[in-house]
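Structural characterization, general
Chain by chain, the residues run as shown.
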Amino acid sequence: MRKKIVAGNWKMHTNIREGVALASAIDKAVEKSEIKSEIGIIIAPPLTHLSLINQVINDERVCLAAQNCSSESKGAFTGEVSAKMLHSVGVKAVIVGHSERRAYYGETDEILTKKIKSVIENSMLPIFCCGEVLEQREKGIHFELVKSQIENALFGFTSEEYSKIIIAYEPVWAIGTGKTASSAQAQEMHEFIRKTVESKFGKDLAENTTILYGGSVKASNAKELFSQKDVDGGLVGGASLDADEFLEIIKSF
Ligand code: 13P
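Rules used throughout
- Residues numbered from 1 in each chain as written.
- Predicted model: local features only at pLDDT ≥ 70, side-chain atom pairs only at ≥ 80, totals over all residues.
- Heavy atoms only, no water.
- Helix = DSSP H or I, 4+ residues; strand = E, 2+ residues; numbered from the N terminus.
- Contact = heavy atoms within 4.5 Å.
- Pairing = 2+ DSSP bridges.
- Axes fitted to C-alpha atoms, helices over the stretch in contact; angles between N-to-C directions.

Turning next to the environment of Ser 252. Mapped onto the elements of the fold, Ser 252 is located in the segment after helix 12 (243-250). Residues Ser 252 and Gly 233, 19 residues apart in the sequence, show an inter-C-alpha distance of 9.4 Å. Those residues in contact with Ser 252 that sit more than four places away from it in its chain are Ala 219, Ala 222, Lys 223 and Phe 226.

This next bit is on the sheet that holds strand 7 (residues 211-214). Read around the closed barrel, the eight strands follow the order 1-2-3-4-5-6-7-8; overall the barrel is parallel. Geometrically, the sheet is characterised by an average inter-axis angle of 30° between neighbouring strands, direction not taken into account. Here strand 7 pairs with strand 8 (residues 233-236) via two bridges, running parallel. Bridge assignment links Tyr 213 to a residue of strand 8, and that residue is Gly 234. Along the sheet, helix 5 (residues 109-121) makes contact with strand 4 (93-96) and strand 5 (125-130), crossing strand 5 at roughly 160°.

So, in C-alpha cells, the structure goes:
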C-alpha cells in the first residue's frame, strides 16, 4: 500500500537557532501525539541546518530531507552539494525539480533526471515536483504539460529505480499565493498523474506511488484535500514553518 506523507518545505527561511527550535518543536509534538503509524512525516530545512537538526530529531517518525542536490557526484563544482554528502549527514529524502528551481535556476528535465538518479544511488528518496503555471492552466494545456514533465524526467528509469520516487504535484499558481487548487482540481490531476505512470510502469507501481499535493496547504484545507482518493498527502511550504499548524495538517488524515 502506498504511503501517506506530510512534508514541510521550509525554503529559504529560518536561521540556525530558529530552525533547530522549529525542528525540536515538531519532533516533540509528533512524539506526544497519536499520529497514525502509516503516515510519514518529512521536514526539509535549509542546507546549513541539516547536520545539526539531524541530531535534535529523536522521534524516528520525523524524516530529514534536503531541498535540492547537485546533479554531479563530485568534482570542481563550486557551491554545489552532492547527494552523497547529504546522505552522510542523515538526509533521507531530497526534493527535486521544485518549480522555484526550475524557474529561477534553469533546471531542465535532463538535469532533474541526473539529480534523481544520484539521490536513488545514494539510498535516499527523491520527491519529484511537477506542475503548471497559471497561463498553461488557462490555455487548457496543464495535463499535457505535467505529462511531459513526468515522461521527460522519470520514464528513463527502471521499475526498480522508479519504485523509490515520490511525486509532488504543485500547481505553480497555488504556491505561496493563498490560492489552493480545489480538491476536485487536485484529485483530477493526481488521477491523471497515476494513469500516466501506469502507462509506463504498470498498475502495481502506479497504485503504489505516493502523490503529494502542494500549493497553499494549511490546517484549514488539508482534510478536504487529503480525503481525495489519489491525494496521498501534502508538500507544505509556508504553513510548515509553524509547528502547531504543521501538526494540525499531519493530523488531517
Ligand atoms: P506554500 O505552501 O507556501 O504555498 O508552498 C508550497 C510549496 O512550494 C511546497 O514545496
